[in-house]
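# Structural overview
Residues per chain are reported as follows:
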Amino acid sequence: MEGRTIKQIRFGVVGCSPIGFVHADAIDQISDAALSGVMDADYSRAELLSNNYTGANVYKDLQELLQSPDIDAVSLCLPHHLHYDFCKAAIEAGKHVLIEKPLALNVAQGEALVEAARKADVRLGVVFQNRVVPAVQQLKELLQANALGDIHLVDIRVKWYRDREYYKAAWRADPDKAGGGVLVTQAIHFLDLALYLIDAVKEVFCAVSTIRPWLQVEDLALGQLRFNNGIMGNMVCSTAINPEEPAILEIHGSPGSARIQENRGLVTFHLGNQQPYADAPNAHQDASVPSLVSSEGHSIVFKDFVASILEKRNPVIDGREALKTLYLIESLYRSSKKGQWIEVGGVQKR
Ligand SMILES: NC(=O)c1ccc[n+]([C@@H]2O[C@H](COP(=O)([O-])OP(=O)(O)OC[C@H]3O[C@@H](n4cnc5c(N)ncnc54)[C@H](O)[C@@H]3O)[C@@H](O)[C@H]2O)c1
């Protein structure tokens, strides 16, 4: 960056599926940032993305992109099994990294990435865009002001539908490559919200199953959570409910109840019987919603990430924050294998 008068963070987007387009759009909206390069194993996808942004070079592989002096930071939109290697390589090349959820395939990889970023003194951010949308921020403020009184129950219901076409991206159906099914790919957003809004989780009980015979990862997960503060939580998560319903996170207290509803790109928040508090267009991009190209939540996450680089501070959702869901999800899977309550360790206890 030396020698430039304008302090602009130049991004390389790696992985140019629809979510890569959302990242490029978010970068494009920030005056302190520019899309400088793109890369995808499928060269034509990278070319397609680059065509939309003047000056975005198409790199043939990761190393070429990482060695470029024109790249300050990378955003990674890749199958889960590639997160660790690509993120580590970028950190070792001295690039700041903003990576799509989950941080990595497992806790051990996640911890190693957090440590690598600390040592290299680069910023490591993770995209959990629902946390930062206005509706969720308003609810967080109300909870901090004790507006719902004593909380009794947290209820998470993710009843979505992902058809065979969705799992044609074969890594999504491969436990070794995706790290699991509905828990790690879809429900992770709502588990993250529960951790953010309520507290860390102390222990969990979970059962998973695979309803569709052609799938190798779970498409149904049922479970209970006991948060550190004693509050109990229930969850029903599936990608096999047809027709699907908006995903819901309800917080029941005395005297109030609140509901976060996520419906294909729209996050709303209801308090008691009142009208929705806020509508935040938050395009939830995946192969089943190809028409959506931008996301308010992603834009907010990118703005904070760019500011964190310029201000030499951690991003609001850094690697350590993202480790919380990895510990939680690993415990949910362990519980489902053992058929017993499992204590959640790591950052949940710190
Ligand atoms: N935050 C959200 O709401 C949200 C929504 C969708 C996906 N995601 C996350 O985005 C990531 C990508 O998921 P997806 O559904 O877009 O996957 P995808 O399979 O649709 O796209 C992955 C892209 O990576 C490319 N790729 C594969 N191997 C590569 C390699 N070795 N080098 C370079 N490029 C390679 C593929 O060609 C493809 O373009 C995942 O972490 C997923 O969880 C997040």
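Residues numbered from 1 in each chain as written. Predicted model: local features only at pLDDT ≥ 70, side-chain atom pairs only at ≥ 80, totals over all residues. Heavy atoms only, no water.

### Let's talk about the sheet that holds strand 5 (residues 96-100)
The strand order 3-2-1-4-5-6 describes an open sheet built from 6 strands, whose pairing is parallel. Two strands lie at the open edges of the sheet, namely strand 3 (57-58) and strand 6 (124-127), each paired on one side alone. Sheet topology note: the strand 4 (residues 73-76)/strand 5 ladder contains 4 bridges and is parallel. By the bridge assignment, alanine 73 is partnered in strand 5 with histidine 96. (Pairing = 2+ DSSP bridges. Helix = DSSP H or I, 4+ residues; strand = E, 2+ residues; numbered from the N terminus.)

### Some details on the packing of helix 6 (residues 134-144) against helix 8 (residues 182-197)
Across the interface, helix 6 lies against helix 8 with an axial gap of 10 Å and an inter-helix angle of 30°. Across the interface between the two elements, Val136, Gln137, Leu139, Lys140 and Leu143 from helix 6 touch Leu193, Tyr196 and Leu197 from helix 8. Among the residues making up the contact of helix 6 with helix 8, the classes are represented as 6 nonpolar, 1 polar and 1 charged. (Axes fitted to C-alpha atoms, helices over the stretch in contact; angles between N-to-C directions. Contact = heavy atoms within 4.5 Å. Nonpolar A, V, L, I, M, F, W, Y, C, P; charged D, E, K, R; others polar.)

### Some words on helix 6
Because each turn of an α-helix spans 3.6 residues, side chains separated by three or four positions in sequence point in the same direction. Within the span of helix 6, buried status applies to Ala135, Val136, Leu139, Lys140 and Leu143. Looking straight down helix 6, one finds its buried side chains confined to an arc of 135°; they lie on one side. Within helix 6, the exposed residues directed more than 90 degrees away from the buried face are Glu141 and Gln144. Looking at the buried residues of helix 6, the elements they touch are strand 7 (149-159), helix 8, strand 11 (247-255), strand 12 (257-262) and strand 13 (266-271). Taken from the residues just after helix 6, asparagine 146 is the one with a positive phi, measuring 60°. (Buried < 20%, exposed > 50% of the residue type's maximum accessible area, 1.4 Å probe, protein only. Arc of directions from axis to C-beta.)

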